[in-house]
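Below are the chains, spelled out letter by letter.
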Amino acid sequence: REKTPNMKLGSLVHALVLEPETVSSSYARVPKIDRRTKEGKAIYKRIVCERQGNELIDYEAWEQAMRMAEAVTNHPECKQVFRSACDVELELSYELFGAACKSKLDLVHQSRQLVLDLKTSGDVSPQGFKHTARNFGSYRQAAMYTMAVELLYGVRPRFLFACVSSADPYIAACHELDSASIDAGMSEIAQLIAELRTRTEHNDWTSEYAKVINFISIFAK
């Protein structure tokens, strides 16, 4: 599917923080031009021709990504991690609860004792990220990556989320889920893999709510 502006922004921030050496060959910054004018259209067309295969990023979005990346790399805890020897964009293949799995980890400390995942978000406060982690299943991601490293390397790592807000003043924060959250993620992953196996065997992909009459109260909390 085509990337949304937020997805493009997140990808560029990832590259600027984790793989800065790849930015010039993967992305192209579009200067501040008015693409509605004849001159602006000509400049943009030239950039498209010259930088084929590169992700084109508007001037404003590029400046935004630069400030977000700077906030992350200047965070005192993240700075300590980035200064040490790490593997970035590490792809792992493994078996989990009898299922073949693949994961791509943003950053793994070479001692295998720490995994870091970079997130862009509107609210990076502890309370805000708590809701984000729950609503988007980030606690399951943390559990899955933790299990992958433990299975492959025999070490159960710490798992950190390095978060940066996507709006001025571009605040960075570092969060670590408690063991209860990780355990809940592991339990849900086991249930989901079991459900996937059952649904695959019976070729049944119908949602449970589609099989019954659902009683709904508009005002119930």
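In what follows, the structure referred to is the one given above.
Residues numbered from 1 in each chain as written. Predicted model: local features only at pLDDT ≥ 70, side-chain atom pairs only at ≥ 80, totals over all residues. Heavy atoms only, no water.

(A) View of the environment of Leu 107. Mapping Leu 107 onto the fold places it in strand 4 (residues 99–109). Residue classification places Leu 107 among the buried positions, given a relative accessible area of 2%. Separated by 55 residues in the primary sequence, Leu 107 and Gln 52 have C-alpha atoms spaced 29 Å apart. If we ignore the near neighbours within four places in the chain, the residues touching Leu 107 are Leu 18, Val 81, Phe 82, Cys 86, Asp 87, Val 88, Leu 114, Val 115 and Leu 116. (Helix = DSSP H or I, 4+ residues; strand = E, 2+ residues; numbered from the N terminus. Buried < 20%, exposed > 50% of the residue type's maximum accessible area, 1.4 Å probe, protein only. Contact = heavy atoms within 4.5 Å.)

(B) View of the nonpolar core. In terms of nonpolar packing, the biggest core is built from 27 residues, with Leu 12, Val 13, Val 17, Val 23, Tyr 27 and Val 72 touching the most fellow members. Of all the secondary-structure elements, those providing two or more residues to this core are helix 1 (5–18), helix 4 (59–73), helix 5 (76–83), strand 5 (114–121) and strand 6 (158–165). Element by element, the count of residues in this core is highest for helix 1, at seven residues. Apart from the residues within four sequence positions on either side, Val 17 is in contact with Ala 69, Val 72, Thr 73, Phe 82 and Leu 118. Counting 26 residues, the second largest nonpolar core, distinct from the first, contains Ala 99, Cys 101, Tyr 145 and Ala 173. (Core = buried A, V, L, I, M, F, W, Y, C linked by side-chain atoms within 4.5 Å.)

(C) Fine view of the pairing of strand 3 (residues 86–96). The sheet contact formed by strand 3 and strand 4 spans 10 bridges and is antiparallel. The residue bridging Cys 86 from the neighbouring strand is His 109, located in strand 4. Taking the residues between adjacent antiparallel strands as the criterion, strand 3 and strand 4 are bridged by two residues, where Phe 97 takes a positive phi near 50°. (Pairing = 2+ DSSP bridges.)

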